[in-house]
Amino acid sequence: MSATPRQNSLGTGGVPWNQDAESLFRTKPISEIRNVEATTRKQIQDKSEELRQLVGNRYRDLIDSADSIVIMKSSCESISANISAIHHSILYSLSSPDIPRSPHSSTFNPVGARIYGIACRVKYLVDTPENIWGCLDESMFLESSARYIRAKHVHFNLLNYKDNNNVLSNFPLLQHQWQIVEGFKVQISQRSRERLFDQTINLGICAYADALAAIAIVDELEPKQVLTLFVESRKSIMSQKLSACCRDANADSSEVISVFCYVLKIIQITVCQVGELFLQVLTDMPLFYKTILDTPPASQLFGGVPNPDEEVKLWNLFKDKLESDMVFLGRDFISKTCSDWLRNCGKEITSKISGRYLIDVVGSGYELSLAEKLIRETMDSKHVLEGSLEWLKSVFGSEIELPWKRTHELVLGEESDIWADIFEDAFVQRMKGLIDLKFDGLSGDVDVAQSVRSIAKLPDDRTDSEDYLKRLQVGGGVWFIKPNGKMLGSVPGSKLHHSQDNDLLSCLSTYFGPEVSRIKDAVDNCCQKVLEDLLSFLESPNAPRRLRDLAPYVQNKCYESLSTILIQLKNELDHLYSDLKDEKKDDASSLSPAILVERSLFIGRLLFAFQKHARHISVILGSPRSWASEVLTAVTTLSPIGSKHIRVASGSQMTDSPGKKMLDSSRKQTSLVMNALYGVDDKSSPQLEDLRQTTQDLSVRAYNLWITWVSDELSNIFSRNLKQDDALSSTAPVRGWEETVVKQQEQSSEGQSEMKISLPSMPSLYVTSFLCYACEEIHRVGGHVIDKPILQNFATRLFDKVVAIYEALLSTEEVRGSQMSEKGVLQVLFDLKFAADVLSGGSYNANEDLSEILSLRSPLRRKQKTQQSNTVIGERTKPLVNQLSQRLDPIDWLTYEPYLWENERQAYLRHAVLFGFFVQLNRMHMDAVQKLPTNSESNIMRCSVVPRFKYLPISAPALSVRNSARTSVSASTDDVYSRNSWKSYTSDEISRNTDVDEDSSLGVAAPFLKSFMQVGSRFGESTLRLGSMLTDGQVGRFGDILPAQAAGLLSSFTTARSDY
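Overview of the structure. These numbers were taken from a predicted model, which means no experiment stands behind them.

## Examining the packing of helix 6 (residues 141–159) against helix 13 (residues 309–325)
When two helices pack together, their arrangement is given by the angle between their axes and by how far apart the axes lie.
Part 1: Running from amino to carboxyl end, helix 6 crosses helix 13 at an angle of 130°, the nearest separation of the two axes being 9 Å. In terms of orientation, helix 6 lies oblique with respect to helix 13. At the point where helix 6 passes helix 13, the crossing takes the right-handed sense. Residues A146, I149, R150, H153, V154, F156 and N157 of helix 6 touch helix 13, and the partners they reach there are E310, E311, L314, W315 and F318.
Part 2: The class makeup of the residues in the contact of helix 6 with helix 13 is 7 nonpolar, 2 polar and 3 charged.

Okay, structure coming up:
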């Protein structure tokens, strides 16, 4: 037997169903029998529970099914009986056609007619949902609302029958059907409102009029409410568009600008459509009133309803009420509503949305200007209002060139600018925000305090004062020339011009150092970018108004930012001065004076960079008229692009290329900016002079720390060398002396006798070394660019030190007794007079205001100041000279004095180039005749005398041709763009009377220095000015200023440096 049949014959517990208990006990053990028993009992319980659940769950369904079956049976029987009756009636009528009808049978049955009318009206309500759905699908909102009103009237009549209860009982569907129809009121209103939010391009104004009429009928709104609903729906559209753009974290300025243009289009279209929908012009009815009141006759509206007299009456009442409610809105109300709506839209556009301003995405003044151009183009475009051009033509009777302007005047009733109402203030505030952002970013990029403190050691780790001074012989300063304006072959934009500019910038960067250059460039670039953004933003018809508002703002912001930097520098200078004066710091953590001096020089170079080479600081704080040059530069930069586009388009069929439009627009906008700039007062901001004065004061203070320390160190070396000079006690002539022949008239005879006296002709080596070290230190820190007051302070400080040292020497001599010989006294007199003459340029202005010094321009006032300087020097040195001369024999002193001072004058002239930094401050002994030294120690070689040729007859104005072009510039422009302390020289200032400006000290070296002045020299600021003064047509005339004997002037060029 197979396994399958066997398994089928077994029960669930594995026991055959027909097997009795005895067989189980015979064949199975007790354990299996007990398992079979348990399994069987479990099955019995499960089946019982399943049967119990089935009966309980299905009982109600069974009862309901039974009732339904009974109802279905009765309904079927009733239908069958009705069909049979109808069938018999038809057969009866057909079987007796010739039987005459009785008069009673031909009369109207009122009961049947009433029932028939009720049935038709119920059918009207039943058909209403399908009809409304069809109208909604076809966007016929007004028709759907009218159908709803008519259905409402039909339902009202049904409920007002006398036997209302019979109607409801005979037609139980009526109440349910009316609930369905009533629900369409909300749907009609909602779908109509959705149509107001639809901004489909091809959607005409008639669609909006249809939707507004449907809403007015269904929601029973007045025209004022309909107008408010219409404009608020458009405001919601704008809000959704603005919110979507704000939520987009990746939205850039172009997307924001497009959103602004889109919103502006909605505003323009809405205002125009308000006029077309609600404003009555002439005798034409507005479109909204025409739409809502234009309906077919009432008799045609209730098709399928027999005898609709009651419904027509209700409909006419509804129409009368509607016409009485639809009152024309006045022009003033429409204008006020639109103006308020326009104002609210402007606030929403420019207010915070989702926590930020949408206009903040625009990141530059150029993008703001571009946004304004696009928005204004949108305002003036006819394409925006093309759907209402026919209405405007019917109103004004002709074609409209500026539809928005006409619409604005017609609807709003005022000549205001929508740009000024909505965007102007927001754009100006954004421009202020951009200015704040750039200047605030400058404070993060520039930390002058940290830059100053980063200077913690010197090159080669030299911190000792003598090591600091020794490195002067190793490392020189940086020399470069000032640009001389237009040079031959140096045309702006040429390679030579750019090469010279690059060389100048390279030299400046080398002089300033990387950190100063970085800070200077950061400040100047920040000012430049701010100015470029501002000028780009001013390219607008509102340029005058914006300039009045933004010019003081940007100047104040620039002044505040720079003042913050200057305050930091001032605080650092205070710390440096306190550290330098604090002599109690002996711990290893204290900084050496050399490092403090380097920090002060860093501050001085930084301030000099701000004064002379941060060009845009003076431009911003200067007169706004000076900004015109920046505008012209921008137009010059853009013009090649525009020309290129024009040339490309000239060969095609296009008559108006994009490049030409851009160029014309740039020129137009530039003219607007230029007119605005030239419309303001031509005066600089008072903050400019304040900033200049503060920068100048801080610069002088920074260099004064360097002056104080260097002069102290040099004076210590000078004092030590003076005390160690054994030659002062020698009775024999020492090095640098020469014999002078003195002719005397003999009393006994008519002849003359000659007497030779030995007098010093050169200063002592330590005096020369003292002055040379000072000049080299000036050169190291940039003597060619250091302001004159700083050099004057240095000269004053050194002169005071020299006088104090000699006073201390004489007082020591008096206490110890005279140890100085006659030769030593003469040498000290010579050295004292020589040092006083060289350093005389710093004494006359010791207690004067800087403004008075800079105001000296006339030769007479320069002479007065020179005489005052010499008087002060004489008064300071006179006691020492008297004290020293008293140690000499009075008769000998009367003999020595004129020849000694003459030798000193000759030495002064011979050292004028070497000590040019100090000599340029106060030229002395201009009338002295130059002589060659006669001592054997001179290294000047004799040259043959070359006959001097006559100069070409160059007229006097040749020298001033270059200057005349400069002086033609207005005073304000010259004040703003002057970047250096020296100016051009006129022919009056360079004359044969040797009334040379205090700024030119080396005129005597002109023929020789002219050859190398264009590549730099090492002899001070004056040589630079001299090189810039000398042109090919001026060399001859300038030679007239030179002394007749200038042969030995340049001996310092070949003097051995080992002597010092």
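Next comes the rest of the write-up.
## Concerning the pattern of salt bridges
Part 1: In total, this model carries 37 salt bridges according to the counting rule given.
Part 2: When the shortest N-O distance is used, the salt bridge between D360 and R430 registers 3.5 Å. With D360 in the loop between strand 2 (356–357) and helix 15 (365–380) and R430 in helix 19 (residues 424–445), the pair connects residues that are 70 residues apart, well separated along the chain.
Part 3: A salt bridge links K520 to D521, with the shortest nitrogen-to-oxygen separation between them at 3.0 Å.
Part 4: Its relative accessible area of 10% is what places K520 among the buried residues.
Part 5: A residue is classified by how much of its surface remains accessible, and D521, at 33% relative accessible area, is partly exposed.
Part 6: Among the charged side chains, a salt-bridge network with shared partners connects E372, R376, E424 and R546.

## Quick look at the side chain of R150
Part 1: Position of R150 relative to the elements: it lies in helix 6.
Part 2: Judged by its relative accessible area of 4%, R150 is buried.
Part 3: Among the polar contacts listed, one links the side chain of R150 to the side chain of Y124, at a separation of 3.4 Å.
Part 4: Contact partners of R150, with chain neighbours within four places excluded, come to Y124, E143, L301, F302 and W315.

Each value, and the rule that gives it
- Residues numbered from 1 in each chain as written.
- Predicted model: local features only at pLDDT ≥ 70, side-chain atom pairs only at ≥ 80, totals over all residues.
- Heavy atoms only, no water.
- Axes fitted to C-alpha atoms, helices over the stretch in contact; angles between N-to-C directions.
- Helix = DSSP H or I, 4+ residues; strand = E, 2+ residues; numbered from the N terminus.
- Parallel < 35°, antiparallel > 145°, perpendicular 65-115°, else oblique.
- Left-handed = near helix turned anticlockwise from the far one by under 90°.
- Contact = heavy atoms within 4.5 Å.
- Nonpolar A, V, L, I, M, F, W, Y, C, P; charged D, E, K, R; others polar.
- Salt bridge = Lys/Arg side-chain N within 4 Å of Asp/Glu carboxyl O.
- Buried < 20%, exposed > 50% of the residue type's maximum accessible area, 1.4 Å probe, protein only.
- Polar contact = N/O pair within 3.5 Å; in protein donor to acceptor, adjacent residues only side chain to side chain.

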